[in-house]
Amino acid sequence: MTTNHYEGSCFCGAVRLTVSGEPLAMGYCHCDSCRTWSAGPVNAFTLWKPEAVRITRGADELATYNQTPRSLRKWCRRCGGHVLTEHPLLGVIDVYAAVIPTLPFKAGVHVNYQETMLPMRDGLPKLRDFPAEMGGSGLAVPE
Ligand SMILES: [Zn+2]
Ligand SMILES: [Zn+2]
């Protein structure tokens, strides 16, 4: 059995990371927090177990901003580039899909779709907030 490794980095390259294996989930988050933090209309996320994510360079350049204890948002001090969000209460790390371009990104779900500013009619399930197993309602909304 071989394990896949995918390399990623921040915008300037000072922070580098490797993710190993396959993500637990991939998709798009449409929440207002992701939007205002990223300055983009959606966040393309890939979720990993913490042990699958390794910062291989520039760990001391990673700064953290957390508005709530649910999400520790990490970014590079040098370039300001966003790298990942730790979700300690859920035990997962979201490494933004854009940070690991060699990972084939295949979205499986849209979350927080009730807050969308960019409707995406791609036939994938659209959850009003989060899946029930992540503490959400699990309810789907129409595209
Ligand atoms: Zn950087
Ligand atoms: Zn979000």
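Just so we're clear, the structure is a prediction, and the values are computed from it rather than from any experiment.

A. A look at the sheet that holds strand β7 (residues 71–76). Taken together, the seven strands give an open sheet; going across it, the order is β6-β7-β8-β9-β4-β3-β10, and neighbouring strands pair in mixed fashion. Taken across any chain shown, the strands that pair with only one partner, and hence form the sheet edges, are β6 (62–68) and β10 (109–111). With strand direction ignored, the average angle separating the axes of adjacent strands in the sheet is 30°.

B. The nonpolar core, seen in detail. Among the nonpolar cores identified, the biggest contains 21 residues, and Leu-17, Val-19, Trp-48, Val-53, Leu-84, Val-95 and Ile-100 are the most heavily contacted of them. Among the secondary structure elements, those contributing two or more residues to this core are β2 (16–20), β8 (82–87) and β9 (92–95). Judged by nonpolar contacts, the second largest core, of nine residues, contains Cys-29, Cys-34, Phe-45 and Val-111.

C. Fine view of the coordination of the zinc ion (ligand 1). Every protein donor of the zinc ion (ligand 1) is accounted for by Cys-10 (SG), Cys-12 (SG), Cys-76 (SG) and Cys-79 (SG), and the metal-donor separations fall at 2.3 to 2.4 Å. Here the donor residues for the zinc ion (ligand 1) map to a single chain with the spacing C-x1-C-x63-C-x2-C. Under the relative-accessibility criterion, Cys-12 is labelled partly exposed at 40%.

D. Summary view of unusual backbone geometry. Unlike most non-glycine residues, Ala-39 shows phi in positive territory, near 60°. Inspection of the secondary structure puts Ala-39 in the loop between α1 (32–38) and β4 (43–48). The phi torsion at Asn-112 lies on the positive side, around 55°, for a residue other than glycine.

E. Spatial organisation of the coordination of the zinc ion (ligand 2). Only Cys-29 (SG), Cys-31 (SG) and Cys-34 (SG) from the protein reach the zinc ion (ligand 2) as donors, at distances of 2.1 to 2.3 Å. Donor residues for the zinc ion (ligand 2) sit on one chain with the sequence pattern C-x1-C-x2-C.

F. Here's a closer look at the side chain of Asp-129. The residue Asp-129 is located in the segment after β10 in this model. Looking at Asp-129, the relative accessible area reads 14%, which means it is buried. Polar contacts involving the side chain of Asp-129 include one to the side chain of Arg-128, which spans 3.3 Å. With residues near it in sequence (within four places) discarded, Asp-129 still touches Val-111, Asn-112, Gln-114, Gly-136, Ser-137 and Gly-138.

G. Focus on the sheet that holds β2. Reading across from one edge, β1-β2-β5 is the order of the three strands in this open sheet, with antiparallel pairing throughout. Of all the strands in the sheet, just β1 (5–9) and β5 (53–57) have a single pairing partner and so form its edges. Strand after strand, the sheet turns through a mean of 25° between neighbouring axes, direction not considered. One ladder, built from five bridges, connects β1 with β2; its direction is antiparallel. Bridge pairing in β2 links His-5 to Ser-20.

Quick notes on the rules
Residues numbered from 1 in each chain as written. Chains lettered and ligands numbered in written order. Predicted model: local features only at pLDDT ≥ 70, side-chain atom pairs only at ≥ 80, totals over all residues. Heavy atoms only, no water. Pairing = 2+ DSSP bridges. Helix = DSSP H or I, 4+ residues; strand = E, 2+ residues; numbered from the N terminus. Axes fitted to C-alpha atoms, helices over the stretch in contact; angles between N-to-C directions. Core = buried A, V, L, I, M, F, W, Y, C linked by side-chain atoms within 4.5 Å. Buried < 20%, exposed > 50% of the residue type's maximum accessible area, 1.4 Å probe, protein only. Donors = N, O, S within 2.8 Å, 3.2 Å for Na, K, Ca; no water. Polar contact = N/O pair within 3.5 Å; in protein donor to acceptor, adjacent residues only side chain to side chain. Contact = heavy atoms within 4.5 Å.

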